[in-house]
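Observations on chain architecture
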Amino acid sequence: MQQFRLFILVCLSALLSLSSTQAQPGPGFQWTKDGQAYMKAEKSAIVVYQVKNKTSRILITPQQLTPLGASRPLEINGFTFSANDQKLLIYTNAQKVWRYATRGDYWVLDIASGHLRQLGKKQPAASLMFAKFSPDGTRVAYVSEHNLYVERITDGEVKPLTTDGTRRLINGTFDWAYEEEFGCRDGFRWSPDGTSLAYWQIDATKIRDFLMINNTDSLYSFNVPVEYPKAGQSPSGCRMGVVDIASAKTTWMQVPGDEQQHYIPRMEWIPGKKELILQQLNRKQNTSKIMTCNAVNGKVQTLYEEKDNAWIDVKSRWDDDKIAGWDFIRNGNAFIWVSEKDGWRHVYSINTNGGAATLLTPGNYDVINIRRIDEAANTMYILASPENATQQYLYKLKMDGKSKPERITPVSQPGTHEYDIAPDGQYAMHKFSNYYFPNTEEIVHLPDHTSLSPKSIDQIFQTSRFNMGSLEFFQVTTVDGVTMDGWMQKPRNFDSTQKYPVVFYVYGEPAGATAKDEYGAGRNFLYNGDMSEDGYVYVSIDNRGTPLPKGSNWRKSIYRKVGTLNARDQAMAATELLKRPYLDASRVAVWGWSGGGSMTLNLLFQYPDIYQTGIAIAAVGNQLTYDNIYQERYMGLPQENQEDFVKGSPITYAKNLKGNLLYIHGTGDDNVHYQNAEMLINELVKYNRQFQLMSYPNRTHSLSEGTGTFQHLVTLYTNYLQLHCPPGGK
């Protein structure tokens, strides 16, 4: 659920644009090392664009990427240059591992000679993962079938560094839960001197497989096993090793504690040293320890420790799903860290020679993300939005612990902004959207935010004729004194003297927010037609517990209350809204996907007098069936407070169903197992509660597989909504 987020729920284009380039090994857009140009993979070539003089040239041609004897060039799913820029690593033939395409084939191009050769030829096709150059560019390390290898580029000599890897003993990458909930995929790092590799070993041998059943791909059904630790079950064991390239001998880091009762979501080398730095989380994820490890003898020291009454987020939550990297400053004598220990998400510098922490971003506001640390200028760029939690802007501030953030994003562009800032901090790729302005990008100069693109976003934004429609952002305060942000899309020909049906779109868990001012707000990609034209009022509201920049109390008030506090917030907000004379309280529908499906069920069952119709997709019906990393982070351990899991689970309230329920789930869902559907069905049957079920054979959590699936889902959704919550004013 952590990685699934809400991208599938925003709009159809977001669902269909998920490409195989997302996770390996470099994105389609990359800044050059000097920050004066950027590179993009285009039509089997790599093109470099000079920012200042606005020229472009083909850096790597399709001919250079055409293997000997082949009729066409390699498809570029990702690319990385060696440190000296003399060699190029091409990732191609990308294949999915769970959510993302993280395995495939790799080729190395010697740019000067033009020699192109494939790596890992003796390994199964499309089995290589996370290949990366050694610091001197003479070798490449990669994972294949759960083992680590290093290959010499000159003659192709391959050396296995681990040999014990299996589906359940995983070297250099991760199991399902680590990948899904921590964003951990690439599980090894070259040492700065290139003599060794540090890597994760995940031991899932003690984890039970969850067996999905495939009934359609052969005459006889077969099991699809997933090593999946559910809430209350111990996680996979995790340890860190450093393997010497010459001897293939691993030295294990002596991280204290039971390997099956902790997590290590981050690890990197300390620059210029034979030392590692890592983050250890306890099982409940409310104690974080930063440790340094001697890579030679494995001895470990705790440098910095932090505790929280709820949970502690990892780097992927404040760095856009990037778990890799460690922001060192002062020649490795300190590093940048993010903490919520003062009630806000703030940036600190932590000394590596004692662990002293210094606050760099004081004030009553949240840092949403760090975008660039410019140590030479003693400056940091961050994303924040102190005045409006539905939006996001770029700010700059001095790293002196005293400065207030200075907004860089123009005030003339209200909405959500994203930045990919060049290494030297001089330029940035700027992306902007709001609820009526589609995602648009440009290159800007910083810090004056001057556009260097042929036509600036500001020109397009100010001169185009936008169809702003009738969407409005609002705040609603409930009987509990909770003020929430939301948006409302009114009918196209709205008549305040009539009453209209209202459809609530919900999520409401810590993994995502729905009521943000970004493109897709007010649009329902599952509706076949135009809801506004047909006469629906469409609403979404973000309750407490959603990851908005409103302080840690807002975000963490949901601890041990998922399914109860968030459901009450939604229901009480709906109660207030339904006091508006143009909303028809007899025609109220709610829908959501994943955690939003769970919320839909809880609202329909716990508050049946408010919601008459619900459409729940891929919902967690029983919190004890979901994975331990996510569920225990936000709910605690079932061994200690199982009653909270029961109170928050929709199946507990299924007997209260009064209205209309359409339940949708894929039988091949490795994230939220189809088991949830069958447990829910049993409860509804027990109490003779009638409902409609649609199961999609072998479809995953995204329901994106199979010819005709999406159109069938859209038709089903639309017909059910129109039948049970008829559109139009009355």
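What counts and what doesn't
- Residues numbered from 1 in each chain as written.
- Predicted model: local features only at pLDDT ≥ 70, side-chain atom pairs only at ≥ 80, totals over all residues.
- Heavy atoms only, no water.
- Helix = DSSP H or I, 4+ residues; strand = E, 2+ residues; numbered from the N terminus.
- Rg over C-alpha atoms; globule rule 2.2 N^0.38 Å.
- Buried < 20%, exposed > 50% of the residue type's maximum accessible area, 1.4 Å probe, protein only.
- Contact = heavy atoms within 4.5 Å.
- Areas by Shrake-Rupley, 256 points an atom, 1.4 Å probe, with all protein chains shown as cover.
- Lys, Arg positive; Asp, Glu negative; His and termini not counted.
- Charge placed at Lys NZ, Arg CZ, Asp CG, Glu CD.
- UniProt positions renumbered as here; feature names shortened; annotations may be inferred.
- Pairing = 2+ DSSP bridges.
- Salt bridge = Lys/Arg side-chain N within 4 Å of Asp/Glu carboxyl O.
- Axes fitted to C-alpha atoms, helices over the stretch in contact; angles between N-to-C directions.
- Core = buried A, V, L, I, M, F, W, Y, C linked by side-chain atoms within 4.5 Å.
- Polar contact = N/O pair within 3.5 Å; in protein donor to acceptor, adjacent residues only side chain to side chain.
- Phe/Tyr/Trp six-rings, centres within 6.5 Å; stacked < 30°, edge-to-face > 60°.
- Lys NZ or Arg CZ within 6 Å of the ring centre and 35° of its normal.

Here's the deal with the overall build of the chain
Check the secondary structure of the chain and you find 12 helices and 43 strands. Relative to a compact globule of 730 residues, whose C-alpha radius of gyration would be 27 Å, the chain shows 26 Å and is just as compact. Overall, the chain is about 75 × 60 × 60 Å in size when its C-alpha atoms are taken along their principal axes. The burial tally for the chain puts 58% of its 730 residues in the buried class. For the chain, long-range pairs separated by at least 24 residues make up 60% of all intrachain contacts whose partners lie at least 6 apart in sequence. Entry remark: accessible area of the chain is about 28,600 Å², with carbon and sulfur atoms responsible for 48%. A distance of 1 Å separates the average location of the 75 positive side-chain charges in the chain from that of its 75 negative side-chain charges.

Concerning the UniProt feature "domain: Peptidase S9 prolyl oligopeptidase catalytic" (unreviewed entry) in the chain
Those places that UniProt annotates as "domain: Peptidase S9 prolyl oligopeptidase catalytic" (unreviewed entry) correspond, in this numbering, to residues 531-710. Between the end C-alpha atoms of residues 531-710 the distance is 18 Å, and the span holds 37% helix and 19% strand.

Observations regarding the sheet that holds strand 26 (residues 346-351)
Across a sheet, paired strands are connected by hydrogen bonds in the backbone, their directions being either parallel or antiparallel. Strands sit in the order 24-25-26-27 across an open sheet of 4 strands; the sheet is antiparallel. Of all the strands in the sheet, the pair left with one neighbour each is strand 24 (328-329) and strand 27 (357-359). Relative to strand 25 (residues 334-339), strand 24 is paired through 2 bridges, and the arrangement is antiparallel. Looking across to strand 25, one finds that I329 is bridged to A334.

Things to note about the pattern of salt bridges
Tallying each qualifying case throughout the model produces 35 salt bridges. Taking the shortest distance from any N to any O, the salt bridge between E472 and R580 comes out at 3.7 Å. Residue E472 is found in strand 36 (residues 471-477), and its partner R580 is found in the loop between helix 7 (565-577) and strand 40 (583-593); the two are separated by 108 residues along the sequence. Look at R580 and you get partly exposed, because its relative accessible area is 24%. A salt bridge links D644 to R560, with the shortest nitrogen-to-oxygen separation between them at 2.8 Å.

Considerations on the sheet that holds strand 23 (residues 300-307)
As summarised here, the arrangement of the 4 strands in space is 20-21-22-23, forming an open sheet in which the pairing is antiparallel. Strands with a single pairing partner mark the edges of an open sheet, and in this sheet they are strand 20 (262-269) and strand 23. Within the sheet, the average angular offset between the axes of one strand and its neighbour, ignoring direction, is 20°. Two elements, strand 20 and strand 21 (residues 275-282), share 6 bridges in a ladder whose sense is antiparallel. Looking across to strand 21, one finds that E268 is bridged to I277.

Comments concerning the nonpolar core
In terms of nonpolar packing, the biggest core is built from 48 residues, with Y178, F182, L276 and L278 touching the most fellow members. Where this core is concerned, the elements lending two or more residues are helix 3 (176-182), strand 15 (196-203), strand 16 (209-214), strand 18 (237-244), strand 20, strand 21, strand 22 (287-294) and helix 9 (628-635). V476, V537, A567 and L603 belong to the second-largest nonpolar core, a separate cluster that totals 47 residues.

Points about the pairing of strand 43 (residues 692-696)
Look at any regular strand and the pattern is simple: side chains alternate between the two faces of the sheet. In the sheet, strand 42 (residues 660-666) pairs with strand 43 via 5 bridges, with the strands oriented parallel. From the neighbouring strand, H665 faces strand 43, where its bridge partner is S695.

Comments concerning the environment of Q30
Relative to the assigned elements, Q30 resides in strand 1 (residues 29-31). Each C-alpha atom, one on Q30 and one on F79, is 9.3 Å from the other, the two residues being 49 residues apart in sequence. Those residues in contact with Q30 that sit more than four places away from it in its chain are A37, Y38, M39 and F79. Looking at Q30, its side chain comes within polar contact range of the main-chain oxygen of F79, at 2.8 Å.

Quick notes on the packing of aromatic side chains
Counted according to the given criterion, the structure contains 38 aromatic pairs. Centre to centre, the rings of Y178 and Y263 are 5.9 Å apart; their planes meet at 65°, and the pair counts as edge-to-face. Note that Y178 is positioned in helix 3 and Y263 in strand 20, a separation of 85 residues in sequence. Plain terms: the ring middles of F335 and W337 are 6.0 Å apart, the flat faces sit at 85° to each other, and that makes the pair edge-to-face. According to the relative accessible area criterion, W337 is buried, its value standing at 4%. We note R239 situated over the ring of W252; from NZ or CZ to the ring centre the distance is 3.5 Å. Geometry around F494 places K490 over its ring, the cationic atom sitting 4.8 Å from the centre.

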